[in-house]
Amino acid sequence: MDCRESALLVSVLFLALDLCSAQNYVLSDDGGLGRVFDGIGGLSGGGATSRLLVSYAEPYRSQILDFLFKPNFGASLHILKVEIGGDAQTTDGTEPSHMHHENDENYYRGYEWWLMKEAKKRNPNITLIGLPWAFPGWVGHGKNWPYDYPDVTATYVVNWILGAKQYHDLDIQYVGIWNEKSFDNKYIKVLRNMLDKVGLPGVGIIAADGDWSVANSMILDPYLKNSVDVIGAHYPGTTTITEALKTQKKLWSSEDYSTFNNEVGGGCWARILNQNYVNGQMTATISWNLVASYYEDLPFGRDGLMTAEEPWSGNYVVESPIWITAHTTQFTQPGWTYLQTVGHLAQGGSYIALTDGKGNLTVVIETMTHNHSVCIRPPLPPFNVTSQNATFQLKGSFASIKELQVWRSQFDFKTSKASFFEKLKPLKLVDGSFTLNLAEDEVYTLTTISTGSKGSYPDPPPSAPFPKVYKDDFDVRSPPFSEAPYFADQTGVFEYYINLTDPGPHVFTLRQVLTERPITWATDADQTISVIGDYYWQNLTVTCDVFMEKMNAGGVFIAARVDKGGQSIRSAKGVFFWVFADGTYKVTNDLVGETVLAEGQSGTEVYGWYTLSLTVKGQYASGSLNGYPLWKNAVVLTPKAGWAAIGTRSFELAQFDNFALVAE
C-alpha cells in the first residue's frame, strides 16, 4: 500500500496528521504583506462578443447576468471591462461609436451601457473600465492612426467617460490605451491632463494595455510615470519584466485567457489566475471574453467564461471557467492583500493567499497539469505536476484560526465526471496546521469566509438551431438597443432608423450609417456587411427590401452561404446578389466582388425601394428583383454553407426593410 492509499484510508481529502511525507508551506504575515489585490474580471468587446446576449428573453438573460456578476452566486466578477465602440471590426464584429462624426454624440448606441448598468445593479462595487480598440475615421484626419492628433483622440475618449456618467450614472474608474503598434507617449500625457481638467482626476489610465514596453519609457520620464496608474499587459504568460516591477505601479493582466471554454480552458484559467501573481506579481486578471455571446463560427468561438450564443432558443451553458473564477472572487474583494508567502508547490501547481487585514484569510491552490491547462497564447513551456501531500502552517495573525471553509473543483479528463465548486466539510486545524492530499487537476479554496454559494437556476431550454423561417420588418418605435436582433455587423454599423421622408411602408428601417472607413488594427472589408442565421445552412432563400442613398457608385447586396466573419471578413466567400445605383446588377462568389457569376442590367436607381430575393439550392442560385426573375442557374460550387447577410458596396448610407429568410 503506497503513501497515498494509506492517506485515503484516513480521509479521502484531508489529513489532520501528516501520515506520509508532505512538503511544508508557511502562510504568514509576520514579514509583511505583498501587493494589493485589484480583482478578477471579464471583458465585453474587442469586439462584439456580447452581441447576442441582449436578444435573450427573460428570465434567461437575467440568469446569465447573475452567473456573471451576482455576488456569491457564480463568477461574482470584480471587474467589467468594455469596448469603447469605434465603428470598426475588432475581432468578432463591430461595435457602434458614440461619435460616428465629429459633431455627433449619442450615448445610447450599442449595448455596453446596458451591460455596465446590469453589472452595477448586481454588484454596486464592480470596477468599470473602458478601452477603445478602434476609432471612427474622422479621429485620424484621413489616416488609419488615432494618435497623430492627441487632443482630438483624448476628447473623443473623455466624452465617452463623461457620457457614461451624464446619461447612465456610471462612474468609469479606468480607461485603457492600446494599439498593436507603438505610439507617441505624448497621448498618455494629453489624456491625463484632459481628464484632470474636466474633473476626472480619479479616472486611472492603463497603459499600454498591450505589453510591458511602456515601463521603459516610464522609468525615463517622470511625468509619463505619474500619468499612468496601471501597466496592463495582454496574454503575458504569467510573467512580467524587471522594468515593470521597478516602476512600482500596479501590474495587471488586462486581457488574458481567450481560450475555448471546455475543461482545458477551465484549467488554463485556473492556472493563470494563481500564477499571474505568483510568477508575475499581477494583481488583476481580466478574461477575454466575458461571455461567448456571438456566433460560434466567428473567430475564437466559445472563448468566454460561459456560453450564451442562442437567444432564439434561450439555451446557455455555465462553463467550468465560471466556477474556477468563483474559487477566488467569492472569497476575496479588491482591496484585500496578497501574502508574501505564496508560491509553487513542490510537485507542481501553485498556491496564493490573501487577507482583508481584519483576520480573514483565503487560500487558493491549483494543481493543473500541463496538457490540461494550455491557453491559446502564449506557448506554454513544459512542466510536471504529480499528486502530493501538502502541509500548510498558519503563522502570524492567522495562527489562531481554528477552522476553514473548503471548496473544491476536480477536473476529470478520463471519465468526464468532473465536479466544480463543491462545498466540502469545514476543515479543523490542529495547532494552526492542515494537510491536503492533492491530486492532479484540482482547485481548492480554503477560507474563513462563510458566505460562498453555488448559485443555480432550473435548466434553460434545450439547444436549438436558428429558426429556418425568420423575418424582421424593423418596425420598432422605441428600440431598446440600436441594433436589430441576431444581426452581427462585421464591417459597418447597421442601426434602427426612422425614415421621416417616407410616408409609405418604409418608415422604420435598418440603416447602414457609416460613410467613412474607421481606424482599426483588425482586417475589415471595403464593403459593409452584417451576417445572420445558421452557419451550416446550405439551401435557403433570402429576401429584403433595399434602398440606396449614394449617387452613381452606390450599391447594396443580400447574400447566402457567407463562410467567414470577424477578422477574416475581407476574404469571405458566398453568393452575393448586388444591385447598383447605375442601373446594373452583379452576382459574385466573394465579398470583394472579383469572382463574377452573373451580371447585367437591373434598372435600379438611387432613392428607390427594391425587393431583392436570392435562392441558393445545391449548386445553383437564382435571383429576382421586385418579384420578377432577373437571373437564374448561376453555378455555385463553393462554399457549401454559411450565414445569410446584407450589406453595401462601400461605406455608404443605405436602408434595408422587410428582411426574410427561409432555409431548408
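Looking at an unreviewed UniProt entry, one finds the protein named Galactocerebrosidase, with Oreochromis aureus as its source organism. On record in UniProt, under Subcellular location (unreviewed entry), the comment for the protein is "Lysosome". Per UniProt, the protein has the following entry under Function (unreviewed entry): "Hydrolyzes the galactose ester bonds of glycolipids such as galactosylceramide and galactosylsphingosine."

Within the protein, the secondary structure is distributed over 10 helices and 37 strands. The C-alpha atoms of the protein give 27 Å as radius of gyration, which agrees with the globular expectation for 664 residues (26 Å, within 12%). Dimensions of the protein, computed from C-alpha atoms along their principal axes, come out at roughly 90 × 60 × 40 Å. When each of the 664 residues of the protein is scored for burial, the buried share is 62%. At a minimum sequence separation of 6, the contacts of the protein that also span at least 24 residues come to 72%. With an accessible surface of roughly 24400 Å², the protein has 50% of that area assigned to carbon and sulfur atoms. For the protein, the distance from the average site of its 50 positive side-chain charges to the average site of its 70 negative ones is 3 Å.

Within the secondary structure layout, Ala207 lies in strand S8 (residues 204-210). A relative accessible area of 0% places Ala207 in the buried class. C-alpha of Ala207 to C-alpha of Tyr607: the two residues are 400 residues apart in sequence and 47 Å apart in space.

Annotation from UniProt places "active site" (unreviewed entry) at Glu180 and Glu255. Its place among the elements puts Glu255 in strand S10 (residues 250-257). Accessibility expressed as a relative area gives 8% for Glu255, which makes it buried. Of the polar contacts made by the side chain of Glu255, one reaches the side chain of His234; its length is 3.5 Å.

Across all of its chains, the model carries 50 aromatic pairs by this definition. Both rings, one in Phe547 and one in Tyr607, keep their centres 6.2 Å apart while their planes meet at 50 degrees; by these two values the pair is tilted. Here Phe547 is found in strand S28 (residues 540-548), whereas its partner Tyr607 is found in the loop between strand S32 (596-601) and strand S33 (609-617), with 60 residues between them in sequence. Seen from their ring centres, Phe577 and Trp631 are 5.4 Å apart, and the 80 degrees between their planes marks the pair as edge-to-face.

Read around the closed barrel, 8 strands run S4-S5-S6-S7-S8-S9-S10-S11, paired in parallel fashion. The sheet shows a mean angle of 25 degrees between the axes of neighbouring strands, direction not considered. In this sheet, strand S9 (residues 230-234) lies alongside S8 in parallel orientation, the contact comprising 3 bridges. The residue of S9 that forms the bridge with Gly210 is Ala233.

On to helix H9 (residues 263-278). End to end, H9 covers 23 Å across 16 residues, agreeing with the expected 22 Å (1.5 Å per residue, within 8%). Burial analysis of H9 places 14 of its 16 residues in the buried class, which makes it a mostly covered element. At the N-terminal boundary of H9, the capping side chain belongs to Asn262, with an oxygen 3.2 Å from the backbone nitrogen of Val264.

Before going further, it helps to spend a moment on the state of the cysteines. Scanning the entire structure with this criterion turns up 1 disulfide. In this model Cys268 forms its disulfide with Cys375; the gap between the sulfur atoms is 2.0 Å. Taking the torsion about the S-S bond as the criterion, the Cys268 to Cys375 disulfide, at about 100 degrees, is right-handed. Highlighted residues: Cys268 in helix H9 and Cys375 in the loop between strand S17 (361-366) and strand S18 (388-394), separated in sequence by 107 residues. Cys375 shares its class with Cys268; the two are buried.

Now for a nonpolar patch on the surface. On the surface, a cluster of nonpolar side chains totalling about 290 Å² of accessible area is made up of Tyr620, Val635 and Leu637. Given a relative accessible area of 46%, Val635 falls into the partly exposed group.

Basis of the calculations
- The numbers attached to residues start from 1 for each chain and follow its sequence in the written order.
- Under the rules for a predicted model, residues below a pLDDT of 70 receive no local features and side-chain atom pairs below 80 are neither given nor counted, while totals for whole chains, interfaces and linings still include all residues.
- As a rule here, side-chain values cover all heavy atoms of the structure and leave hydrogens and water aside.
- UniProt positions are given in the numbering used here, feature names are shortened, and annotations may be inferred rather than shown by experiment.
- Starting at the N terminus, helices and strands are each numbered in turn, a helix being any DSSP run of H or I of at least four residues and a strand any DSSP run of E of at least two.
- Based on C-alpha atoms, the radius of gyration is set beside the globule rule, defined as 2.2 Å times the residue count to the power 0.38.
- Only protein chains enter the accessibility calculation, which uses a 1.4 Å probe. A residue is then buried if its area is under 20% of the maximum for its type, exposed if over 50%, and partly exposed in between.
- Working rule for contacts: check all heavy atoms of both residues, and any pair within 4.5 Å makes them a contact.
- Each accessible area is a Shrake-Rupley result for a 1.4 Å probe, and residues are judged covered by the shown protein chains and nothing else.
- His is not counted, nor are the chain ends, whereas Lys and Arg count as positive and Asp and Glu as negative.
- Here the site of a charge means atom NZ of a Lys, CZ of an Arg, CG of an Asp or CD of a Glu.
- The term polar contact refers here to a pair of N or O atoms within 3.5 Å; inside protein, the definition further demands a hydrogen-donor-capable atom paired with an acceptor-capable atom, and it admits residues adjacent in sequence only when both atoms are side-chain atoms.
- Classification of ring pairs rests on two measures: the distance between centres of Phe, Tyr or Trp rings, Trp counted by its six-membered ring, which must be within 6.5 Å, and the angle between planes, read as stacked under 30 degrees, edge-to-face over 60 and tilted in between.
- A strand pair is defined by DSSP finding two or more bridges across the two strands.
- The angle between two axes is taken between their N-to-C directions and runs from 0 to 180 degrees, where each axis is a line fitted to C-alpha atoms and a helix contributes only its stretch in contact.
- In this scheme, a helix's expected span is set at 1.5 Å multiplied by one less than its residue total.
- Any two cysteine sulfur atoms within 2.5 Å of one another count as a disulfide.
- Exposure above 30% relative accessible area and no salt bridge define the residues that can form patches, which grow by joining like charges within 9 Å and nonpolar side chains of Val, Leu, Ile, Met, Phe, Trp and Tyr within 5 Å.
- Counted as salt bridges are all cases of a side-chain nitrogen of Lys or Arg within 4 Å of a carboxyl oxygen of Asp or Glu.

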